[in-house]
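Here are the chains, one letter per residue:
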Amino acid sequence: MNAVTAAPMVALVGNPNAGKTSLFNALTGARQKVGNYPGVTVERKVGAMQLPDGSHVEIVDLPGTYSLSPHSPDEQVTRDVLMGEHGIERAPDAIICVVDATNLRNHLRFVLELARLGRPMVVALNMIDLADRDGTKIDTAQLSQRLGLPVVPTVAVRRRGLADLGQEALSMLTREAVPPGPGADIRALQHEALRIAQAVTTLSGGAGAATRRIDNIALHPVFGPVILAALLFIMFQAVFAWAEAPMAWIEAGIAALQEIAAGALPEGWFRSMIVDGVLAGVGGVVVFLPQILILFAFILVLEQSGYMTRAAFLMDRLMAYVGLNGRAFIPLLSSFACAIPGIMATRSIDDPKDRLTTILIAPLMTCSARLPVYAVMIAAFIPDRQIGFANLQGLVLLGLYVFGIVGAMVAALVLRRTVARGAGSGFMMEMPKYQWPILRDLIIGLWQRGVVFMKRAGGIILASTVLLWAFASYPVPPEGSDESPIEYSIAGRIGSALEVVFSPIGFNHEISMTMLPTLAAREVSVAALGTIYSLQTDDEDALQESLVDRLRSAWPLPTALAFLVWVVFAPQCISTLAVVKRETNGWKWPIFMFTYLFALAYVMAGLTYWISRALIG
Amino acid sequence: MRIEDLKTGQSASVVKIRETGTHAAEALRLREMGFDEGIEIELLHRGLIGGCPIALRVGNNVIALRKAASRLIEVSVTPAGVQAEAAE
Ligand SMILES: Nc1nc2c(ncn2[C@@H]2O[C@H](COP(=O)(O)OP(=O)(O)O)[C@@H](O)[C@H]2O)c(=O)[nH]1
Ligand SMILES: [Mg+2]
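None of the values given here were measured: they were computed from a predicted structure.

### Describing the overall build of chain A
Secondary structure assignment for chain A yields 28 helices and eleven strands. The globule rule puts the C-alpha radius of gyration for 617 residues at 25 Å, and the 28 Å found for chain A is close to it. Dimensions of chain A, computed from the C-alpha atoms along their principal axes, are close to 90 × 60 × 45 Å. Taken across its 617 residues, chain A has 55% of its residues classed as buried. When contacts within chain A are restricted to residue pairs at least 6 apart in sequence, long-range pairs at least 24 apart make up 73% of them. About 25,900 Å² of surface is accessible on chain A, with carbon and sulfur atoms providing 64% of the total. For chain A, the distance from the average position of its 47 positive side-chain charges to the average position of its 49 negative side-chain charges is 10 Å.

Have a look at this one:
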């Protein structure tokens, strides 16, 4: 070992759901998402781990894989790093292979494959608690002897066995890699694994009885889909019901801040920027934090408990009709919170065409950023009337969600027959044992989402609202000009130019002006309308008048409906496009996505406008 | 026989995995998921529409897959008694 160079690197490897991420968290204390869905670890996760001698090693949580023959981008990364063929990541100095003790046979096959690489390696025999519970006894000493590798029993979620693991990792680092042996045929590995597993397992009980009982209901052909539908219903219900109170607090807090700022700052451009630009714009976004956190809390619990893979099972057939597979369900569900984590979650989809299609339709899932727009528009234009059991406003909101989903399905069908043509790779996945979600991991996961969201609010959204404020305020019209300041401003001029494009589908000047800033983030469109309308009037009373009332009096109904439909399909925010570029390695697909969504939104909004105008008059 | 011809709850053992030609990649995946000649499987669940996908117990694991992939696997039903005798 050379002490002058960077710290040695240890890679965590193993089959999906072996407990790599849990072990990584336990070893490093790093903040990272833990989930049950195979392939949830899609990003490179590095942390520092202290060894018993006080030195530190760098530890990397590699994506789970079943073998060194990659089937997905995820697995490709793992293979490349382990083979020392990854462009950026150096080859690990040692490997910790995480093995699920309740599923020894299959996990040992991978251990045997890895062992042939010749790199120093320790086996972490994880989930030993579950093996105990099932009545399975594993002779660790004999396992170690047969494998020719150190074996350390661990329980990642209870932090058991970590010290021993550190000790073994330390001794591994003094060992040199030997040249890799010849690759073996998978059958030979399977048979060797089976032989070893049988030899070291002295007592095997009926495994996973609880999981079996739950699955009898959760995967029941009739009850299964009913339960899934009920869960989704409760989830969306909770997103609205539970978030109401915290959202009201945030709104009140922002209003108070605006008042303080207005009182404390001298009249002038700076005060206008802070109150009308920053506080109004960023506040309008931060208000959605409660909804996003609630939605993610549900998704994390579903993932950690193991239910998510069951949902994928139940959805697979429906997905197959539009040329996708059940795995697409998880990314698409995440996209209801935000398309960005959704698109990143597609990395676990093996087939490139399946994956591309899922990426391209993910923005059609109604992300939480669209909610503010829906909420304002519905409050302004849809009567708060009871229809049977349901409320008309609620029905319209539900309708908009369904509209997005149906649009996505149709888009998938078309994409699968055109740009993403090709036979699907099918659907095959492991369904892990059910687990109680671990509160600590849940909180870490939520914290990460919250931080990402707030960073966005503080970064791109803050920047764009300030920019919009500036565009809407400058240049100031000369004294005596009969043009209103907003018309004279840059925003007004851009709006006028865009109006040529948008007026055929019923959009007015104000909507046209929001088009550019809305690219920063969808929720900006409400803030933008707020800015535009409050800047458009000097009348104090009109300023007090809420945006809802303003819109109601200023927009004809067909325009409002067309705008709502536009928001369902419209090209997504720049951050989404940036993620698509990263995930597809180029500009081709983000440009394609922008174009197809723009065309779709334009046509649908236009149809809505003309049809509703013909009907309403 | 084919896996889809099993009754729900019925066990069988894998006789053969077809892995020629275009099936090679899918067959490799099946092996990685734990399918192997001689392994005992059990048909646990079927999807509502067309009985697809299906969930199988493979050793200690539960695997979901589509009918098309399951057709690469040939199984035979061996009554527990016969199996035990064979093991004697
Ligand atoms: N009972 C038990 N559960 C564990 C253990 N290690 C991990 N888990 C759980 O197993 C599931 C999968 O773990 P995770 O770390 O996400 O696996 P990965 O896919 O290998 O990263 C999670 O629900 C963990 O809470 C363990 O030692 N004992
Ligand atoms: Mg993981």
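### Structural notes on the pattern of salt bridges
Residue and element names in this part refer to chain A. Within the structure shown, the criterion is met by 23 salt bridges over all chains. In this structure, Asp185 engages Arg187 in a salt bridge whose closest nitrogen and oxygen atoms are separated by 3.9 Å. Between Asp549 and Arg552 there is a salt bridge, with the nearest N and O atoms lying 3.6 Å from each other. Of this pair, Asp549 and Arg552 are both found in helix α25 (residues 547-554), three residues apart, which corresponds to roughly one turn of the helix. According to the relative accessible area criterion, Arg552 is partly exposed, its value standing at 45%.

### As for the UniProt feature "domain: Ferrous iron transporter FeoA-like" (unreviewed entry) in chain B
Here, the residues flagged by UniProt with the feature "domain: Ferrous iron transporter FeoA-like" (unreviewed entry) are residues 1-77 of chain B. Here residues 1-77 of chain B runs as 17% helix and 36% strand, with 8 Å between its end C-alpha atoms.

### Considering the packing of aromatic side chains
All names here are of chain A. Using the criterion set out here, one finds 18 aromatic pairs over all chains in the structure. Geometrically, the ring pair formed by Phe502 and Tyr602 is tilted, given 6.4 Å between the ring centres and 50° between the ring planes. Taken together, the positions of Phe502 in helix α21 (residues 490-502) and Tyr602 in helix α28 (residues 588-616) put the pair 100 residues apart, joining distant regions of the chain. Look at Phe502 and you get buried, because its relative accessible area is 4%. Look at Tyr602 and you get partly exposed, because its relative accessible area is 24%. Ring pairs connect the aromatic residues Phe381, Phe502, Phe507, Trp555, Phe563, Trp566, Phe594, Phe598 and Tyr602, which therefore count as one cluster. Here the guanidinium or amino end of Arg317 rests over the ring plane of Tyr321, the centre of that ring lying 5.3 Å away.

### A few points about helix α26 (residues 557-569) of chain A
Residue and element names in this part refer to chain A. Over its 13 residues, α26 extends 19 Å from the first C-alpha to the last, a length consistent with the 18 Å expected when each residue adds 1.5 Å. Within α26, eleven of the 13 residues are buried, which leaves the element mostly enclosed by the surrounding structure. Considered for burial, the residues of α26 that qualify are Pro558, Thr559, Ala560, Ala562, Phe563, Leu564, Val565, Trp566, Val567, Val568 and Phe569.

### Notes on the nonpolar core
Residues and elements named next belong to chain A. With 109 residues, the main nonpolar core has Phe507, Leu551, Trp555 and Trp566 as its most contacted residues. For this core, the element with the most residues is α26, which contributes nine residues. Trp555 has contacts with Met377, Phe381, Asn508, Ile511, Leu529, Tyr533, Ala560 and Phe563, leaving out every residue within four places of it along the chain. Residues Ile95, Cys97, Leu147 and Ile196 belong to the second largest nonpolar core, which totals 35 residues.

### A few points about the sheet that holds strand β2 (residues 45-50) of chain A
Residues and elements named next belong to chain A. Reading across from one edge, β2-β3-β1-β4-β5-β7 is the order of the six strands in this open sheet, with mixed pairing throughout. The sheet is open, and its two edges are formed by β2 and β7 (151-153), each paired on a single side. Ignoring which end each strand starts from, the neighbouring axes of this sheet average 25° apart. In the packing of helix α3 (residues 104-115) onto the sheet, the strands contacted are β1 (9-14), β4 (94-100) and β5 (121-126), and the crossing angle to β4 comes to about 165°.

### What about the pairing of β1 of chain A?
Put simply, side chains in a regular strand alternate between the two faces of the sheet. All names here are of chain A. For β1, the buried fraction is high: six of the six residues fall into the buried class. Side chains Met9, Ala11 and Val13 project from β1 onto one buried face, and the interleaved Val10, Leu12 and Gly14 project onto a second face that is buried too. The pairing of β1 with strand β3 (residues 56-61) spans four bridges and is parallel. Each residue of the ladder has a partner; that of Leu12, found in β3, is Asp61. Where β1 and β4 come together, five bridges link them in parallel fashion. Bridge pairing in β4 links Val10 to Ala94.

About the criteria used
Each chain carries its own residue numbering, running from 1 in the direction its sequence is written. All chains are assigned letters beginning at A, and all ligands numbers beginning at 1, according to the order in which they are written. Since the coordinates come from a predicted model, pLDDT governs what is reported: local features require at least 70, and pairs of side-chain atoms require 80 or more to be given and counted, while whole-chain, interface and lining totals use all residues. Excluded from the side-chain calculation are hydrogens and water; included are all heavy atoms of the structure. A run of DSSP states H or I qualifies as a helix once it reaches four residues; a run of E qualifies as a strand once it reaches two. Both are numbered from the N-terminal end. The reference for a compact globule is 2.2 Å times residues^0.38; the radius of gyration itself is calculated from the C-alpha atoms. Burial here depends on accessible area, computed with a 1.4 Å probe over protein chains only, as a share of the maximum for the residue type. Under 20% is buried, over 50% is exposed, and the range in between is partly exposed. Here a residue-residue contact requires only that any non-hydrogen atoms of the pair lie within 4.5 Å. Per-residue and other accessible areas follow the Shrake-Rupley method at a 1.4 Å probe size, with only the shown protein chains counted as cover for residues. Asp and Glu are treated as the negative residues and Lys and Arg as the positive ones, with His and the ends of the chain left uncounted. We put the charge of a Lys on NZ, of an Arg on CZ, of an Asp on CG and of a Glu on CD. Salt bridges are defined as contacts in which a side-chain nitrogen from Lys or Arg sits within 4 Å of a carboxyl oxygen from Asp or Glu. UniProt positions are given in the numbering used here, feature names are shortened, and annotations may be inferred rather than shown by experiment. In summary, the pairing rule links any two rings of Phe, Tyr or Trp, Trp by its six-membered ring, whose centres are within 6.5 Å, and it sorts them by plane angle into stacked for under 30 degrees, edge-to-face for over 60 and tilted for everything else. A ring has a charge above it when a Lys NZ or an Arg CZ is no more than 6 Å from the ring centre and no more than 35 degrees off the ring normal. The span expected for a helix works out to 1.5 Å for each residue beyond the first. Residues belong to one nonpolar core when they are buried, are Ala, Val, Leu, Ile, Met, Phe, Trp, Tyr or Cys, and are joined through side-chain atoms within 4.5 Å. When DSSP finds two or more bridges between a pair of strands, those strands are recorded as paired. Only the stretch in contact is used when fitting a helix axis, every axis being a line fitted to C-alpha atoms; angles between N-to-C directions are given from 0 to 180 degrees.

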